[in-house]
Structures are given as C-alpha cells and as structure tokens.
Amino acid sequence: MRRSGKCPKCGGKRLWVVDPIAQPDGDSSNQVHAMRVATRRLALAGGALTFGQTWERAAVGFFVAYVCEGCGFSEMYARDIEDLADLEDTVPHDAHGDPGSNVELLDTQPPKDGPHR
Ligand SMILES: [Zn+2]
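Predicted model only: the values in this text are computed from it and were never measured.

A few words now on the overall build of the chain. Within the chain one finds zero helices and six strands. Secondary structure elements in the chain, listed N-terminal to C-terminal, are β-β-β-β-β-β. Counted over contacts in the chain with a minimum sequence separation of 6, partners at least 24 positions apart contribute 51%.

Laid out in structure tokens, this is it:
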C-alpha cells in the first residue's frame, strides 16, 4: 500500500498517512505521545535490573500508519529502529523483578558461512 499507493482490499487510492501514530496522554488533556516501537527499563549501571537499582526508560522507533479512506484497511510500518538491539537482552534476568526484554531479533537468513552455500 505504501509503495503502490493503492489499497489491496478495496482498490481505493485515497490513503491517509499518519506519521507518527500518536496516543493521548492518560493524565493530561493537552499532551500526546508518539507510539514507540519498543520501550524498556534499563539499569543505569548495566547488567540485569535488580530491586532498588537506578534505571532509565529507553524507547526506540516510531510507528507510521497508512489508512485507506474508503474501507479503513491499515498498514503499519516502524521507522527509526536502528537502536532496537540496545533493548534486547544481553544479560540473564534477575529473579527479583527484572521482567527481561520484550525485544528479540528473529533472524531467518541462512548463515553466510557454512553448509548452505
Ligand atoms: Zn480500502
């Protein structure tokens, strides 16, 4: 839809582009927040996040939507995701509260070196 400029469901050619998708703030009526691709608490000292440790909230990327004016069919794309690997787990989780990461790379490319040449 983004490339073709045409809705694959109804053939419509009037598409709204919403960049980035934003949501209203839950507490303030005059604030909006861009929908992030991923966010996670990270320990400032590095390593697993343990109880009482100082942390920061890291957020990566934004979502963009293409919405067909005719039928409402929508496609979403992520942009600015170069730093997603920073949110992936690199250390074992602590049993006392670090929920771990919700970001994981599923890489299904064949290995460059190996038996599949
Ligand atoms: Zn449509």
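All right, on to the confidence of the model for the chain then. Regions with low pLDDT carry predicted coordinates that are not meant to be interpreted in detail. Looking at the chain as a whole, the pLDDT averages 86, with 85% of positions reaching at least 70. Mean pLDDT across the secondary structure elements of the chain bottoms out at strand 4 (residues 36-43), with 86, and peaks at strand 1 (residues 15-18), with 98.

This part is about unusual backbone geometry. Along the chain, D19 connects to P20 via a cis peptide bond; the corresponding omega equals -5°. Tracing the chain through its elements places P20 in the loop between strand 1 and strand 2 (22-24). Here D80, not a glycine, exhibits a phi torsion of approximately 60°, which is positive. Here D80 shows up in the segment after strand 6 (74-79). Overall, D80 belongs to the partly exposed group, with 13 C-beta atoms counted inside 10 Å.

Okay, the environment of S101 next. Along the chain, the position of S101 falls in the segment after strand 6. Once residues lying within four places of it in the same chain are set aside, the contact partners of S101 are R40, L87, E88 and D89.

Bringing the environment of A43 into the picture now. Here A43 lies in strand 4. Using a count of 16 C-beta atoms within 10 Å as the deciding quantity, one classes A43 as partly exposed. Considering only alpha carbons, one finds A43 and Q53, ten residues apart in sequence, at a separation of 6.7 Å.

Rules behind the numbers
Just so you know, the residues in each chain are numbered from 1, in the order the chain's sequence is written. This being a predicted model, a pLDDT of at least 70 is required before a residue's local features are given, and a value of 80 or more before pairs of side-chain atoms are given or counted; all residues contribute to the totals for chains, interfaces and linings. Here a helix means four or more residues in a row that DSSP labels H or I, a strand means two or more in a row labelled E, and each is numbered from the N terminus. By definition, residue pairs are in contact when their C-beta atoms, positioned from the backbone, come within 7 Å. Confidence of the prediction at every residue is given by pLDDT, a number between 0 and 100. Exposure classification rests on a simple neighbour count of other C-beta atoms within 10 Å of a residue's own: a residue reaching 20 or more is buried, one at 12 or fewer is exposed, and one in between is partly exposed. C-beta atoms are placed from the backbone.

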